[in-house]
Amino acid sequence: MPRRLAFIPLLLAGCQSEDSLGLGTGGGSNPSGTGTSPNCPAGMFELADDAGLSASLGETRASAFDSYPGTVIPQYDVQLDGTCMGLIPLPGTLGGAWMRDGLNIGQVEALDALLPDYGRRLCTVSELLAAAAGPDNLRFPFGDEYRQAVCDGEAFSPSPQGAYPECVSATGGRDFLVRSSWAVLDEAAHDAMAPTRDGAGFPGDGLYAVYGGTAQRDTFFSPDNFGIHFYGPDDYSEDNPAYVTDDLRVCAGLGPLDSETEAAWTAWVAALADAGRYAPILGSGL
């Protein structure tokens, strides 16, 4: 029988090194209270164990749907299998820099094909919603009321990843609501969203969505855990190849990966971090 979200303690503080956090090294996760799990690949926390997860998550205020038409996730039942999720978005190194560009749908398609080679995959909208809102269906990672300065307030040039130790959800995910994350639009989320789209459908054949709010408060989509928006190939051009606030956090199945796979992943994310941009690694996506 599915159970509610498991809580994973976070004791991150001050100036711990990359290696002490078990991130970016490919050497396995760190079980000593730093947010990563021994039952997950390196740098990931356990969102749902092998018993699964069941919860009712999403927006319940009617006013939100009027204010942000077609970009609010209504409350629906979330049911997940065992899942591991990146503690922070790519490149996933606490204390490291955020990427200097965002992702467009073509690049997301490329990642969708590439990540399984490294034992990872794109997260689904339902997984990200469960991770950010937690078992109490919170509007923000830290509670139901917005509190300035708990999470990074700058979406375009944020402080190093993990710089805000209180910006953590009840499930253990860090740095939600700094930038949105591309995700697979899973069937449950698709069916929940479809009635709110006023017949507009979904760009890009409805395969992907951009989940979650950002540090910006004046967005066209709901600026909280219940926000979502969509782009298709026609929404980009050479002059506007991507939106920097459309980032990515990865997921995986339960269980550690072999050392060769983790070494390959470490090399790939190191190249990504060195480039500082997705485009040199993934191409333009256009």
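Residues numbered from 1 in each chain as written. Predicted model: local features only at pLDDT ≥ 70, side-chain atom pairs only at ≥ 80, totals over all residues. Heavy atoms only, no water.

A closer look at the sheet that holds strand β6 (residues 180-184)
Overall, mixed pairing links the four strands, which are arranged β8-β7-β6-β9 in an open sheet. Edge positions in the sheet fall to β8 (228-229) and β9 (246-247), since each has one partner strand and no second. Pairing of β6 with strand β7 (residues 208-211), which is carried by four bridges, proceeds in the antiparallel orientation. Within β7, the position partnered with tryptophan 182 by the bridge is valine 210. Docked against the sheet, helix α2 (residues 105-114) engages β6 and β7, running at close to 105 degrees with respect to β7. (Pairing = 2+ DSSP bridges. Helix = DSSP H or I, 4+ residues; strand = E, 2+ residues; numbered from the N terminus. Contact = heavy atoms within 4.5 Å. Axes fitted to C-alpha atoms, helices over the stretch in contact; angles between N-to-C directions.)

Remarks on the state of the cysteines
Put plainly, a disulfide is one covalent bond tying together the sulfur atoms of two cysteines. Applying the stated criterion across every chain, the model contains three disulfides. Linked covalently through their sulfurs, cysteine 123 and cysteine 251 form a disulfide whose S-S length is 2.1 Å. Disulfide cysteine 123-cysteine 251: the torsion about the S-S bond is 100 degrees, which places it as right-handed. One end of the pair, cysteine 123, is in the loop between β5 (121-122) and α3 (125-133); the other, cysteine 251, is in strand β10 (residues 250-252), with 128 residues separating them in the sequence. Note on cysteine connectivity: cysteine 151 is disulfide-linked to cysteine 167, with sulfurs 2.0 Å apart. Measuring handedness by torsion sign, the sulfur bridge of cysteine 151 and cysteine 167 sits at about 95 degrees and is right-handed. With a gap of 16 residues between them, cysteine 151 in the loop between α3 and β6 and cysteine 167 in the loop between α3 and β6 connect regions that are remote in the sequence. (Disulfide = S-S within 2.5 Å.)

Here we look at α3
Taken across its nine residues, α3 has nine buried, putting it largely inside the fold. Residues of α3 that are buried include every one of Val125, Ser126, Glu127, Leu128, Leu129, Ala130, Ala131, Ala132 and Ala133, and no others. In the stretch just after α3, glycine 134 is the one whose phi turns positive, near 70 degrees. (Buried < 20%, exposed > 50% of the residue type's maximum accessible area, 1.4 Å probe, protein only.)

Comments concerning the nonpolar core
Counting residues in each nonpolar core, the largest one holds 37 residues, and the members touching the most others are Leu53, Ile73, Met85, Val125, Leu129, Leu185 and Ile228. Mapped by element, the contributors of at least two residues to this core are β1 (44-48), β2 (53-57), β3 (76-80), α3, α4 (187-193) and β7. At seven residues, α3 tops the list of elements feeding residues into this core. When near neighbours in sequence (up to four residues on either side) are disregarded, valine 125 contacts Ile73, Ala183, Val184, Leu185, Asp186, Ala189, Ala209, Tyr211 and Ile228. (Core = buried A, V, L, I, M, F, W, Y, C linked by side-chain atoms within 4.5 Å.)

Examining the packing of aromatic side chains
Taken as a whole, this structure holds eleven aromatic pairs when the rule is applied. Following the ring pairs from residue to residue traces out a cluster consisting of Tyr118, Trp265 and Trp268. The ring of tyrosine 146 carries the charged tip of arginine 217 above its face, separated from the ring centre by 4.0 Å. In this structure, arginine 249 packs its charged tip against the face of phenylalanine 176, placed 3.9 Å from the ring centre. (Phe/Tyr/Trp six-rings, centres within 6.5 Å; stacked < 30°, edge-to-face > 60°. Lys NZ or Arg CZ within 6 Å of the ring centre and 35° of its normal.)

Some remarks on the environment of proline 69
By the secondary structure assignment, proline 69 is in the loop between α1 (62-67) and β3. With relative accessibility at 59%, the residue proline 69 sits in the exposed group. For the pair formed by proline 69 and phenylalanine 220, sequence separation is 151 residues and the distance between their alpha carbons is 8.8 Å.

A short note on α2
The α-helix winds at 3.6 residues per turn, so residues separated by three or four positions along the chain end up facing the same way. Buried within α2 we find Ile105, Gly106, Gln107, Val108 and Leu111. Those residues of α2 that are buried lie in contact with β5, β6, β7, α5 (259-275) and α6 (279-282). Its side-chain oxygen at 3.1 Å from the backbone nitrogen of glycine 106, asparagine 104 defines the N-terminal cap of α2. (Polar contact = N/O pair within 3.5 Å; in protein donor to acceptor, adjacent residues only side chain to side chain.)

Let's talk about the sheet that holds β1
Two modes of strand pairing occur in sheets, parallel and antiparallel, and in both the strands are linked by backbone hydrogen bonds. Pairing within the open sheet is antiparallel, and its four strands lie in the order β1-β4-β10-β5. In this open sheet, the two edge strands, each paired with only one partner strand, are β1 and β5. Taken together, the two bridges between β5 and β10 define a ladder with antiparallel strand orientation. Its bridge partner being in β10, arginine 121 is matched across the sheet by cysteine 251.

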